[in-house]
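Descriptive analysis of the structure
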Amino acid sequence: MERDIITIDEEKCNGCGACITGCPEGALQIIDNKARLVSDLFCDGLGACIGTCPKDAITVERREAEPYDEYKVMENVSKGGENVIKAHLKHLYEHGEKVFLKQAIDYLKQNNIPVPLYIDMTAHGCPGQMAKQIERKNTEHNSASVNLQSELQNWPVQLKLLNPNAPYLKNAELVIAADCAAFAYANFHQKFIKGKVLAIFCPKLDKTLDDYIEKLADIFAAQEIKSVSIVHMEVPCCGGIEVIVRRAIEQSGKIVIMKDYTISISGELI
């Protein structure tokens, strides 16, 4: 098949090996003092190695190559340990490769390998911090304003305060939402929490993320949770909720149906 894949200019390459650390997939090796692409199967064509090459010897070209195989890559990546796995998952996440990322996580789960926390929730420069004014059409109505009923059925809602043995968690459908989601999505009560149990936290600002994994794992272990719906904003730093929930489910040893919903900054369900 024809696809994007890296190519190495041997005349420019000095064999320094900097590209090796930039390729957690293991597609590159130093052979005869030159960087070589050892397998098309391992190269995703995203070019993470390009930024580490001091000689500009690596570029991405479109040519005939074997299809990239995430499962074979994970066989190779997992041998490198947690830090290599983390680098690979982070690489896929930052390039928006959701299908490959899911395959990688599925491989880890199938082989009982812990999924590392590959998103830096404390990193500065997250697009979610950018100030933005959202323009709205005039939504005033001639009729009297409507009084909407709250669908909240549990208290407290902050994950840190939830009791894993609370009776309302028995056979519950659990909604785990980012703090901002309910404010951004106008129909949050009707769409997400009607008849369900709510827990909220912020993966960007909260400093107790490991504690949250433990708390959720305790909930999943103590209760028969029917399903989990994750509701988060579209910004990258909010995606950590999925990572935390997945790790908690794995730690609990339970099988839980998980649904993932993303809300845009303008308040639309993506």
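Residues numbered from 1 in each chain as written. Predicted model: local features only at pLDDT ≥ 70, side-chain atom pairs only at ≥ 80, totals over all residues. Heavy atoms only, no water.

**Concerning the environment of Phe42**
- Inspection of the secondary structure puts Phe42 in the loop between β3 (34-37) and β4 (58-64).
- The sequence separation of Phe42 and Cys19 amounts to 23 residues, and the corresponding C-alpha distance is 14 Å.
- Those residues within four positions of Phe42 in sequence are excluded, and the remaining contacts are Glu25, Gly26, Ala27, Tyr68, Lys72, Val73 and Asn76. (Helix = DSSP H or I, 4+ residues; strand = E, 2+ residues; numbered from the N terminus. Contact = heavy atoms within 4.5 Å.)

**Description of the layout of surface pockets**
- A volume near 560 Å³ is recorded for the largest pocket.
- If you trace the largest pocket, you find 22 residues lining it, with Tyr93, Lys98, His232, Glu242 and Asp260 closest to the centre.
- Among the elements of the structure, α3 (82-94), α4 (98-110), β7 (227-233), α8 (240-252) and β8 (257-263) are those that each provide at least two residues to the lining of the largest pocket.
- When residues in the lining of the largest pocket are grouped by element, the largest group, four residues, is from α4.
- Taken together, the residues of the lining of the largest pocket break down into 11 nonpolar, four polar and seven charged. (1 Å grid on protein atoms, 1.4 Å probe; cavity = no way out; pocket = protein on both sides within 12 Å on 5 of 7 lines; lining within 4 Å. Points joined across faces, edges and corners; volume = space filled by probe spheres on them. Nonpolar A, V, L, I, M, F, W, Y, C, P; charged D, E, K, R; others polar.)

**Details of unusual backbone geometry**
- Look at the link from Trp155 to Pro156: it is a cis peptide, with omega at 0°.
- Looking at where Pro156 falls in the secondary structure, it is placed in the loop between α4 and β5 (173-178).
- For Asn33, which is not glycine, the phi torsion reads 65° and is therefore positive.
- Take Asn33: it is sitting in the loop between β2 (28-31) and β3.
- Residue class for Asn33 comes out exposed when judged on its relative accessible area of 62%.
- For Asn171, which is not glycine, the phi dihedral falls at a positive 55°. (Buried < 20%, exposed > 50% of the residue type's maximum accessible area, 1.4 Å probe, protein only.)

**Notes on helix α7 (residues 209-222)**
- Between its terminal C-alpha atoms α7 stretches 20 Å, which fits the 20 Å expected from 14 residues at 1.5 Å a residue.
- Listed in full, the buried residues belonging to α7 are Leu209, Tyr212, Ile213, Lys215, Leu216, Ala217, Ile219 and Phe220. (Expected span 1.5 Å × (residues − 1).)

**Re the confidence of the model for the protein**
- Per-residue confidence for the protein averages 85 on the pLDDT scale, and 90% of its residues sit at or above 70.
- Averaged pLDDT values for the elements of the protein fall to 84 in α3 and rise to 96 in β5. (pLDDT = per-residue confidence, 0-100.)

**Some thoughts on the nonpolar core**
- In this structure, Phe188, Leu216, Phe220, Val228 and Val245 are the most contacted members of the largest nonpolar core, which totals 77 residues.
- Those residues in contact with Val245 that sit more than four places away from it in its chain are Ile176, Leu216, Phe220, Val228, Ile230 and Met258. (Core = buried A, V, L, I, M, F, W, Y, C linked by side-chain atoms within 4.5 Å.)

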